[in-house]
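Secondary and tertiary structure notes
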Amino acid sequence: MAVDSPLSSPLGPPACEKDAKALQFIEEMTRNAESVQQRVLAEILSRNAQTEYLTRFQLNGATDRETFKSKLPVITYEDLQPEIHRIANGDRSAILSAHPISEFLTSSGTSAGERKLMPTIKEELDRRQLLYSLLMPVMNLYVAGLDKGKGLYFLFVKSETRTPGGLLARPVLTSYYKSDHFKTRPYDPYNIYTSPNEAILCPDSFQSMYTQMLCGLLDRHQVLRLGAVFASGLLRAIRFLQLNWRQLAHDMETGSLNSKITDPSLRECIVKTLKPNPELAQFVRHECSKDDWEGIIVRIWPNTKYLDVIVTGAMAQYIPTLDYYSGGLPLACTMYASSECYFGLNLNPMCKPSEVSYTIMPNMAYFEFLPHESNLDSTGFDFTHELPPKLVDLVDVEVGKEYELVITTYAGLCRYRVGDILRVTGFHNSAPQFHFIKRKNVLLSIDSDKTDEAELQTAVENASHLLREHNASVVEYMSHADTKIIPGHYVVYWELLVKDSTNSPDNDTLEQCCLAMEESLNSVYRQGRVADNSIGPLEIRVVKNGTFEELMDYAISRGASINQYKVPRCVNFTPIMELLDSRVVSAHFSPALPHWSPERSQ
Ligand code: AMP
């Protein structure tokens, strides 16, 4: 029950003293957004004054906004490649940050087909931890009694590598789960997980998922909230249950653990809690053997109050499937973050997914906003006026307008374009709130993969070389991320020009084309296919000749200009999908896994 606290917050009555402090902190930061931003920028610029990067732009120790804006360019990851290479190769001098770079965080964004490497410093962990510590106090304002049970969260670590200079390179969540901040977190009744650390930290994804699911089933009545980072992860867990419930039920019945769980510390930890429970085994068998899995989440975990998963941005495609499995439980999107920086949180986490807005916390970094309008080209320059657009400060953004996020971080990124497009929906005190619109240039995404138009084009080109011996070529193509079945997969519609009908490409060739496309896609895609099993085999659907002309006619009938019509390379619009699917003459799937190894290829 929420109690009235002497520290009562404008956000609502806090659930406990600890929450009151967190809510107070949010109030302070958002009320003083402008001065906090000024302080953050001054701190970053003064501590990094002697770095090679700031010296290069002759900041000469200035820490004020005007000098900063007039001297430092707005950059992208590509601009920083030389510095990042040097750090990766072992140059320990103060290139970007005065603090030593502690590791690289591997972003799901890619550059030249490989994950981007984001340098980070130790103290950033504290900043991330701080943001995490605000989430439950906010949630407790809306959902009472979360201290009376547990959270079933499917959390995973991924493989890590070392750069030639010896720095670790791993995803930000792997870094966080392996940190003492997470591993030795103090007891908090509002934040108890069913998954033991040993299960979360097990690098083998099968063993990790299996034991997390097992623990979640054993504790099924205690589970009050269920989640994963992204919606795709939670659906993967449901798919895992579909494939493994028999073995899980067997383990519960007999009290003996599946022999595939070989990690010694994980085995030891689970064996301790696993006792024969035939009744539970019978229940799981009864529910899971039904053909109809609608509402399975609330059937198995009847006390679940909400699902804690990100369903904004590319993940919105999973909302109907989550609704189906959960019987329409509320979906809570709690935070907005990236490898470069954790940005902010949702102060109204029980709102509808379409209404989610994230409040950027002004203490996390220095934030600027590049107006995002159609007359700005991809470099961000407005060629109609030939002037670089003016970046707007956090407190000066305007409601209803769209911006690209630009950050200056403690770890040394300066005026760095994140690539996310956000729309301002309102303010909490003087801190703006943003609806996540999209990641720039992303065409296809199933899990954390992000494939852009150029990557898809290259993949189609590479694959179509295999058609040459059939004297055939791809005349047009279009793609779609099909998430009807989990794991989702890429579908690429091909219209072929076959010059010799006696030698048209056979199934074998087209399957090899699927694989060739997969080999051409970036390493995050291939990791999803090979290591995480989060993406299914790529599919080519060959459509009848003339299909793309029909599509153009359709677009023109709806008002597109004949002169300017371009085939959209990705489609989600149902009538077009239906038209395409009704013209499919054959479908082909990738017959094997593409190559992937944790090592970087460059
Ligand atoms: P990464 O760099 O791999 O950590 O991915 C970070 C990116 O994921 C962000 O820049 C966003 O594009 C996306 N992202 C993170 N949080 C959210 C969210 N709450 N809603 C939508 N997209 C998100």
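Computed from a prediction, not measured in an experiment: that's the story for all the values here.

On a plain count of helices and strands, the chain comes out with 20 helices and 20 strands. Relative to a compact globule of 602 residues, whose C-alpha radius of gyration would be 25 Å, the chain shows 25 Å and is just as compact. In terms of overall dimensions, the chain has C-alpha extents of about 80 × 75 × 50 Å along its principal axes. A buried classification covers 55% of the 602 residues belonging to the chain. Here the contacts in the chain between residues at least 6 apart in sequence split such that 67% fall between residues at least 24 apart. Working note: accessible area of the chain is about 25,500 Å², and carbon and sulfur atoms make up 52% of it. Computed over 59 positive and 74 negative side-chain charges, the inter-centroid distance for the chain is 4 Å.

Here the focus is the sheet that holds strand 17 (residues 472–482). Strand order in the open sheet formed by 4 strands is 17-18-19-20, with mixed pairing between adjacent strands. Because the sheet does not close on itself, it has two edges, and the strands there are strand 17 and strand 20 (584–589). Put simply, the sheet's adjacent strands are angled 25° from each other on average, direction ignored. Of the strands in this sheet, strand 17 and strand 18 (489–498) are in contact with helix 16 (residues 453–464), which crosses strand 17 at around 135°.

What follows concerns the site of the ligand. Ser108, Thr312, Met335, Tyr358 and Asp420 are the nearest of the 16 residues found near the ligand. A distance of 2.9 Å separates an oxygen atom of the ligand from a polar atom in the side chain of Arg439. Summarising the interface, the protein chains cover 90% of the accessible area of the ligand, which totals 500 Å² for the free molecule. Breaking the shell around the ligand down by element, the ones donating at least two residues are strand 1 (101–111), strand 9 (335–337), strand 15 (416–428) and strand 16 (431–439). Considering each element in turn, the shell around the ligand owes the most residues, 3 residues, to strand 9. The class makeup of the residues in the shell around the ligand is 7 nonpolar, 5 polar and 4 charged.

This next bit is on helix 15 (residues 319–326). The complete set of buried residues in helix 15 reads Ile319, Thr321, Leu322, Tyr325 and Ser326. Buried residues in helix 15, looked at end-on, bunch into an arc of 160°, giving them a common side. Residues of helix 15 that are buried in the fold lie against helix 11 (231–254), helix 14 (296–300), strand 7 (306–310) and strand 8 (331–332). Residue Gly327 follows helix 15 closely and has a positive phi angle near 65°.

Along the chain, the position of Phe25 falls in helix 1 (residues 17–31). A relative accessible area of 23% places Phe25 in the partly exposed class. Expressed as a C-alpha distance, the spacing of Phe25 and Gln58, which sit 33 residues apart in the sequence, is 36 Å.

Turning our eyes to something else, we now look at the nonpolar core. In this structure, Leu241, Trp301, Phe367, Phe369, Leu405, Trp494 and Met517 are the most contacted members of the largest nonpolar core, which totals 167 residues. The leading source of residues in this core is helix 11, at 11 residues. Among the domains, domain 1 (147–158 + 188–304) and domain 2 (442–589) are the pair contributing at least three residues each to this core. Contacts of Phe367, omitting those with residues within four sequence positions, involve Gln37, Cys341, Phe343, Ile360, Met361, Pro362, Asp393, Leu394, Leu405, Val406 and Ile407. One finds Tyr493, Leu551, Ala555 and Val571 within the second-largest nonpolar core, a separate group that totals 14 residues.

Taken as a whole and judged by the stated rule, the model has 20 aromatic pairs. Measuring from centroid to centroid gives 5.2 Å for Tyr324 and Tyr325, while their planes differ by 70°, and the two rings are edge-to-face. Ring centres 4.8 Å apart and planes at 50° place the aromatic pair Tyr490 and Tyr525 in the tilted group. Here Tyr525 lies in helix 18 (residues 523–530) and Tyr490 lies in strand 18, a separation of 35 residues in the sequence. For the pair formed by Tyr490 and Tyr525, the shared burial category is buried.

Close contact between helix 16 and helix 17 (residues 507–520) brings their axes to 8 Å; oriented N to C, the two are set at 140°. By the angle between their axes, helix 16 is oblique relative to helix 17. Helix-helix and strand crossings are classified by hand; for helix 16 and helix 17 the assignment is right-handed. Contacts between helix 16 and helix 17 involve Leu456, Ala459, Val460, Asn462 and Ala463 from the former and Cys513, Ala516, Met517 and Ser520 from the latter. Classifying every residue of the contact of helix 16 with helix 17 gives 7 nonpolar, 2 polar and no charged.

A few words now on the domain arrangement of the chain. Looking at the chain, the domain boundaries give domain 1 (147–158 + 188–304) and domain 2 (442–589). For domain 1 versus domain 2, the separation of C-alpha centres amounts to 37 Å. Taken together, the contacts link 7 residues of domain 1 with 9 residues of domain 2. Summed over both sides, the interface between domain 1 and domain 2 buries roughly 650 Å², with carbon and sulfur atoms accounting for 49% of that surface. Connecting domain 1 to domain 2 are 2 salt bridges. Asp532 is paired through a salt bridge with Lys158; the nearest N and O atoms lie 2.9 Å apart. At the junction of domain 1 and domain 2, the tally comes to 3 residue pairs in polar contact (both at pLDDT 80 or more).

Here the focus is the pattern of salt bridges. For the coordinates displayed, the defined rule picks out 38 salt bridges. Two residues, Arg65 and Glu34, come together in a salt bridge whose shortest N-O distance is 2.9 Å. With a gap of 31 residues between them, Arg65 in helix 4 (residues 65–71) and Glu34 in helix 2 (residues 33–47) connect regions that are remote in the sequence. Given a relative accessible area of 11%, Arg65 falls into the buried group. Assessed through its relative accessible area of 30%, Glu34 is described here as partly exposed.

With that settled, the discussion passes to the state of the cysteines. All told, the structure shown has 0 disulfides when counted by the stated rule. Unpaired in this structure, Cys341 has its nearest cysteine sulfur neighbour in Cys414, at a distance of 13 Å.

Before going further, it helps to examine the sheet that holds strand 11 (residues 358–360). On the basis of which strands lie adjacent, the open sheet formed by 8 strands has the order 9-10-11-16-15-14-12-13 and antiparallel pairing. Of all strands in the sheet, those with a lone pairing partner are strand 9 and strand 13 (392–393), marking the two edges.

Cut-off values and rules
Residues numbered from 1 in each chain as written. Predicted model: local features only at pLDDT ≥ 70, side-chain atom pairs only at ≥ 80, totals over all residues. Heavy atoms only, no water. Helix = DSSP H or I, 4+ residues; strand = E, 2+ residues; numbered from the N terminus. Rg over C-alpha atoms; globule rule 2.2 N^0.38 Å. Buried < 20%, exposed > 50% of the residue type's maximum accessible area, 1.4 Å probe, protein only. Contact = heavy atoms within 4.5 Å. Areas by Shrake-Rupley, 256 points an atom, 1.4 Å probe, with all protein chains shown as cover. Lys, Arg positive; Asp, Glu negative; His and termini not counted. Charge placed at Lys NZ, Arg CZ, Asp CG, Glu CD. Pairing = 2+ DSSP bridges. Axes fitted to C-alpha atoms, helices over the stretch in contact; angles between N-to-C directions. Near = heavy atom within 4 Å. Polar contact = N/O pair within 3.5 Å; in protein donor to acceptor, adjacent residues only side chain to side chain. Nonpolar A, V, L, I, M, F, W, Y, C, P; charged D, E, K, R; others polar. Arc of directions from axis to C-beta. Core = buried A, V, L, I, M, F, W, Y, C linked by side-chain atoms within 4.5 Å. Domains from an automatic or database assignment. Phe/Tyr/Trp six-rings, centres within 6.5 Å; stacked < 30°, edge-to-face > 60°. Parallel < 35°, antiparallel > 145°, perpendicular 65-115°, else oblique. Left-handed = near helix turned anticlockwise from the far one by under 90°. Buried area = accessible area lost by both parts, 1.4 Å probe. Salt bridge = Lys/Arg side-chain N within 4 Å of Asp/Glu carboxyl O. Disulfide = S-S within 2.5 Å.

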